[in-house]
Amino acid sequence: MRVSPVEGFDPPALGEPYLLTPGPLTTSYAVKQAMLRDWGSWDGDFRAMTADLRRRLLALIGDTKSEYDCVPIQGSGSFCVEAMLGSFVPKDSKVLVLANGAYGLRAAQTMQYLGRAFTLIDKGDYLPPRGDEVGAALDADPAITHVLAIHCETSSGILNPVAEISEAVYARGRKLLVDSMSAFGAIPLEVGKIRYEAMVSSANKCIEGVPGFGFVIARKSELEKAKGNSHSLSLDIHAQWAAMEKTGQWRFTPPTHVVAAFLEALRMHEAEGGVAARGARYMKNRNVMVEGMRALGFETLLSDRWLSPIIVTFFCPSDGNFVFEHFYELMKGKGFIIYPGKLTVVDSFRVGCIGRMDEHVMRRVVEAARQSLAEMGVADAAPPQAALAERAKLAA
Ligand SMILES: Cc1ncc(COP(=O)(O)O)c(C=O)c1O
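Owing to the predicted nature of the structure, the values given are computational and were not obtained by experimental measurement. (Residues numbered from 1 in each chain as written. Predicted model: local features only at pLDDT ≥ 70, side-chain atom pairs only at ≥ 80, totals over all residues. Heavy atoms only, no water.)

Attention now moves to the sheet that holds strand 14 (residues 348-352). On the basis of which strands lie adjacent, the open sheet formed by three strands has the order 11-14-13 and antiparallel pairing. Strands with a single pairing partner mark the edges of an open sheet, and in this sheet they are strand 11 (311-315) and strand 13 (339-340). Pairing analysis gives five bridges linking strand 11 to strand 14, with the strands arranged antiparallel. Bridging from a neighbouring strand, Phe315 pairs with Ser348 of strand 14. (Pairing = 2+ DSSP bridges. Helix = DSSP H or I, 4+ residues; strand = E, 2+ residues; numbered from the N terminus.)

This part covers the layout of surface pockets. Rolled over the atoms, a probe as big as a water molecule pinpoints where empty space is left. The computed volume of the largest pocket comes to approximately 480 Å³. Every residue lining the largest pocket is counted, 28 residues in all, and those nearest its centre are Ser76, Gly77, Ser78, Tyr103 and Arg106. Sorting the residues of the lining of the largest pocket by element identifies helix 3 (77-88) and helix 4 (102-114) as the ones contributing at least two each. Broken down by element, the residue count for the lining of the largest pocket peaks at six residues, all from helix 4. Residues that form the lining of the largest pocket fall into these classes: eleven nonpolar, 13 polar and four charged. (1 Å grid on protein atoms, 1.4 Å probe; cavity = no way out; pocket = protein on both sides within 12 Å on 5 of 7 lines; lining within 4 Å. Points joined across faces, edges and corners; volume = space filled by probe spheres on them. Nonpolar A, V, L, I, M, F, W, Y, C, P; charged D, E, K, R; others polar.)

Attention shifts here to the site of the ligand. Surrounding the ligand, one finds Ser76, Gly77, Ser78, Tyr103, Arg106, Ile150, Cys152, Thr154, Asp179, Met181, Ser182 and Lys205. Ser76 is positioned with one of its side-chain polar atoms (N or O) 2.6 Å from an oxygen atom of the ligand. Residue Gly77 places a main-chain N or O atom 2.9 Å away from an oxygen atom belonging to the ligand. For the ligand, whose accessible area on its own is 390 Å², the fraction buried by protein is 87%. In a pocket analysis with a 2 Å cut-off to the grid points, the ligand is assigned to the largest pocket. At the level of elements, helix 3 and helix 4 are the ones that each hand at least two residues to the shell around the ligand. Grouping the constituent residues of the shell around the ligand by class yields four nonpolar, five polar and three charged. (Near = heavy atom within 4 Å. Polar contact = N/O pair within 3.5 Å; in protein donor to acceptor, adjacent residues only side chain to side chain. Areas by Shrake-Rupley, 256 points an atom, 1.4 Å probe, with all protein chains shown as cover. Sits in = over half its atoms within 2 Å of the grid points.)

This part takes up the packing of aromatic side chains. Within the structure shown, the criterion is met by 15 aromatic pairs. Ring geometry for Tyr68 and Tyr196: centres 6.0 Å apart, planes at 55°, overall tilted. Here Tyr196 lies in the loop between strand 8 (175-179) and strand 9 (198-202) and Tyr68 lies in strand 2 (residues 68-74), a separation of 128 residues in the sequence. A single burial state applies to Tyr68 and to Tyr196, both of which are buried. Consider the rings of Phe322 and Phe349, whose centres lie 6.4 Å apart with planes at 25°: the pair is stacked. Residue Phe322 is located in the loop between strand 11 and helix 11 (324-333), and its partner Phe349 is located in strand 14; the two are separated by 27 residues in the primary sequence. An aromatic cluster of three or more residues is present, and its members are Phe298, Phe314, Phe322, Phe324, Phe327, Tyr328 and Phe349. (Phe/Tyr/Trp six-rings, centres within 6.5 Å; stacked < 30°, edge-to-face > 60°. Buried < 20%, exposed > 50% of the residue type's maximum accessible area, 1.4 Å probe, protein only.)

To continue, consider the pairing of strand 8. With four of its five residues buried, strand 8 lies for the most part within the structure. Where strand 5 (residues 146-150) lies against strand 8, five bridges are found, and the strand directions are parallel. Paired with Ile150 across the two strands is Asp179, which belongs to strand 8. Bridge count for strand 8 against strand 9 is three bridges, and the pairing is parallel. Within the sheet, the bridge partner assigned to Leu177 lies in strand 9 and is Ala198.

What follows covers the domain arrangement of the protein chain. For the protein chain, the assigned domains are domain 1 (18-28 + 274-395) and domain 2 (38-270). Once you take the C-alpha centre of each, domain 1 and domain 2 turn out to be 28 Å apart. Each partner contributes to the interface: domain 1 provides 34 residues, whereas domain 2 provides 33 residues. Both sides together, the interface formed by domain 1 and domain 2 hides about 2700 Å², and carbon and sulfur atoms give 59% of it. Between domain 1 and domain 2 we count two salt bridges in total. (Domains from an automatic or database assignment. Contact = heavy atoms within 4.5 Å. Buried area = accessible area lost by both parts, 1.4 Å probe. Salt bridge = Lys/Arg side-chain N within 4 Å of Asp/Glu carboxyl O.)

What follows is about helix 12 (residues 359-376). The first and last C-alpha atoms of helix 12 sit 26 Å apart over 18 residues, in line with the 26 Å expected at 1.5 Å per residue. The secondary structure elements touched by the buried residues of helix 12 are strand 1 (18-19), helix 10 (274-295), helix 11, strand 12 (336-337) and strand 14. Once helix 12 ends, the next one or two residues include Gly377, with phi positive near 80°. (Expected span 1.5 Å × (residues − 1).)

Listed below in structure tokens is the structure:
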């Protein structure tokens, strides 16, 4: 089905469906068009693009004292998380990994691969790690030097309380590393307000670029100290930083078209009004979509307090006629790609709020869900009692 244009936002090209997913996501024509030119990776024009990209990303963290620098890294987001852990955590250090979903657990698995000491607070599918328990874990284990927090745990959509975690970490003289993959660019992470040593994100999330690289923003003093730490040649952030500072080039083949697209996405981000405006659009997307879905009887996994404006988890309805795969295909036929859930206890699905779309699109998403339920013969989208009991744990 061809989705017609909405005010101010071009629809996906050639009748493609909107991606209601946490990245890759729906991008603008301008971003796609920016990929129609080839660039020489050694050429001065491309080096200027790399410098511009680094400058623009740094501007988003409000680093008024010039204490931080930005280092892009080829690959997907997981490559950057691995690069951050391998480069900033010395081989004889120990990391406290805060997990409440798939990405925290993946960070712990990365530590296992690195063969470096770590300990885990695993809160299950979606309970937030709180400052007081982080403080207690640090008090109990003086060997811990670093804490790794996930900003938005994309597997449930929970926005973790990084500010209180940061306070607990620095009150005990330890260091914080943040995986802000799905939050950066829409949720503030200003260094004047939240203290951290390094954070990572990637091109295909809230800046609305296409996949192909990620980036680390780190305190320069940590970048300097990172020399010789890395387990990996290609994921050595210090080496990438040192080479970029010296030559303006990426060490190994850069994803030139992706960089060009990302620069266009950064210009559009700025034109929209930066982090505040991007976050406000996503929040509006979420509010319109959640309100509409609740009116159909759907229930969110999380209470409003923990809902991020990035992606929302809904329980699958208990009605026997509801089959997620069928619902997915019906939604796709109406122009919207949704996302399966990642909870272990109850069935769920997710709807992303990020990408090149606005509240008008979200109203259509709700209407598509209403029609899809009717076509499946689902009279009521209410979840099973077990799901509500599970949710009650969060409130406890
Ligand atoms: C919080 C978080 N961390 C890490 C990743 C891994 O990124 P990738 O799938 O690009 O490797 C993701 C992906 O969505 C994420 O949301």
